[in-house]
Amino acid sequence: MEMVFLRLLFFTSLLCRSTLQARLVVDFSSSQLFEGTRVILKCEADNGSEGWTVKRNTTKRLSTCGDGWGKRTNSSCTIEFLFVHDTGVYWCESRSGSSSSSSIQLSVSGGSVILQSPVLPVMEGDDVTLSCRARNPTHNLPAAFYKDGVFIGNESSGHMTLLHVSSSDEGLYKCNIRGHGESPSSRISVKDKPAGPPPSSGAAPSASGPVQLTYTVLRHLVVFCPYFISTIIMVSLYQPRALAENNVDSSPPPESEQGTEVKVEITANNYV
C-alpha cells in the first residue's frame, strides 16, 4: 500500500511539473538581424519567471546565457553586439531542465541585405509581409524575392505580402537588392488555425474565452498540486495507524477477565 502511494505521489509531481511553461519574449520582430544589433531576450511564465534562463544552440555549441555570450539579469539575457556566430536557435529552460519554451531561429548577417520575416510561426489564413532591407541606405529599394530558390516576383517598394497563407506557403525565403547583395534564407512556418467554438443561438462568446479558460485551469492546477500531494502523504501516514487502533478496540477481552466476572456473580448469589 505504501508503494502505491509513493507511485501516485511521483506521477502527481510529474503532472504538476508539466504545467510550468514559459515563453520567450524578444524585442525584435524579424528573424534576421544585422551584425552589431543589440537584442534582449526574456523568459516569461504565468507563475513567475524565477528559475528560467535563456539557452541557445549554435553551430559551435549548446550553452546558457552568460556562458561566454550575453549578460544575464534574472530571467533576461542581453546581447549588446550581435556577431554572425550568434546565429542559432534560442529558447527558455527551467532550472531543473524538465520544462522548456518554444524556440526561435535567429540569423545574424554580416552582409548588406537582410530579409525581415516573422520570428514565430504564422497562423493559417493570416497575411504575412516580407521586407527586403539594405544596411545603407535604409530607405526602401526595389527587390526580388525567392522561395526555395525559385523566383516569385519583384517589388518596387521592397515589400512582398503573402495573402491568406497556408501550408503551401511554407519554405525558405530570401531576397536580392541589385547593387547591394542577397539576404540569407529564412524559413516561414504556418501553424493550423484553432477550431472555433460551435455556433449557438445565444450571445457570441468573447474571443478571449478559450484562452482565459485554459489559463484559469492551468493556474488552479498549479495551486492545487501542493495540497493534493500533502493530502496523499497525510492519508498514507494516517491509514495504518487508524487500522491498528481499530484492531485493538475490537479484540475480545482475555479469558482471565471473563472468569473474574463469573466468580463475583456466584458469590453474590450464595450470600443471599
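All right, on to the packing of aromatic side chains then. For the coordinates displayed, the defined rule picks out 3 aromatic pairs. Between F81 and F83, the aromatic rings sit 4.9 Å apart at their centres with planes inclined by 45 degrees, giving tilted as the arrangement. Directly above the aromatic system of W69 lies the positively charged group of R56, at a separation of 4.2 Å from the ring centroid. We note K174 situated over the ring of Y146; from NZ or CZ to the ring centre the distance is 5.9 Å.

Let's shift gears to the environment of S63. Turning to its location among the elements, S63 is positioned in strand β5 (residues 62-64). When the C-alpha atoms of S63 and Y90 are compared, they prove to be 9.9 Å apart, with 27 residues separating the residues in sequence. Residues contacting S63, with those up to four places away along its chain left out, are K55, R56 and W69. Of note is the side chain of S63, whose polar atom sits 2.8 Å from the side chain of W69.

A word on the side chain of S31. Residue placement: S31 occurs in the loop between β1 (22-26) and β2 (32-34). Given a relative accessible area of 5%, S31 falls into the buried group. Side-chain polar atoms of S31 contact the side chain of S186, separated by 3.3 Å. Setting aside its immediate chain neighbours within four residues, S31 contacts Q105, L106, S107, S117, P118, V119 and S186.

Grouped together as the largest cluster of nonpolar side chains are 21 residues, with contacts concentrated most on L41, V54 and Y90. For this core, the elements supplying multiple residues, two or more each, are β1, β3 (39-45), β4 (52-58), β7 (76-79), β8 (88-94) and β9 (104-109). Sort the elements by how many residues they give to this core and β3 lands first, with 4 residues. Not counting chain neighbours up to four residues away, the residues in contact with Y90 comprise L24, L41, V54, K55, R56, W69, I79, S102, S103, I104 and L106. Formed by 18 residues, the second largest nonpolar core is a distinct cluster that contains V113, V122, L141 and I177.

Conventions used here
Residues numbered from 1 in each chain as written. Predicted model: local features only at pLDDT ≥ 70, side-chain atom pairs only at ≥ 80, totals over all residues. Heavy atoms only, no water. Phe/Tyr/Trp six-rings, centres within 6.5 Å; stacked < 30°, edge-to-face > 60°. Lys NZ or Arg CZ within 6 Å of the ring centre and 35° of its normal. Helix = DSSP H or I, 4+ residues; strand = E, 2+ residues; numbered from the N terminus. Contact = heavy atoms within 4.5 Å. Polar contact = N/O pair within 3.5 Å; in protein donor to acceptor, adjacent residues only side chain to side chain. Buried < 20%, exposed > 50% of the residue type's maximum accessible area, 1.4 Å probe, protein only. Core = buried A, V, L, I, M, F, W, Y, C linked by side-chain atoms within 4.5 Å.

Function cannot be inferred from these measures alone, as they are strictly geometric.
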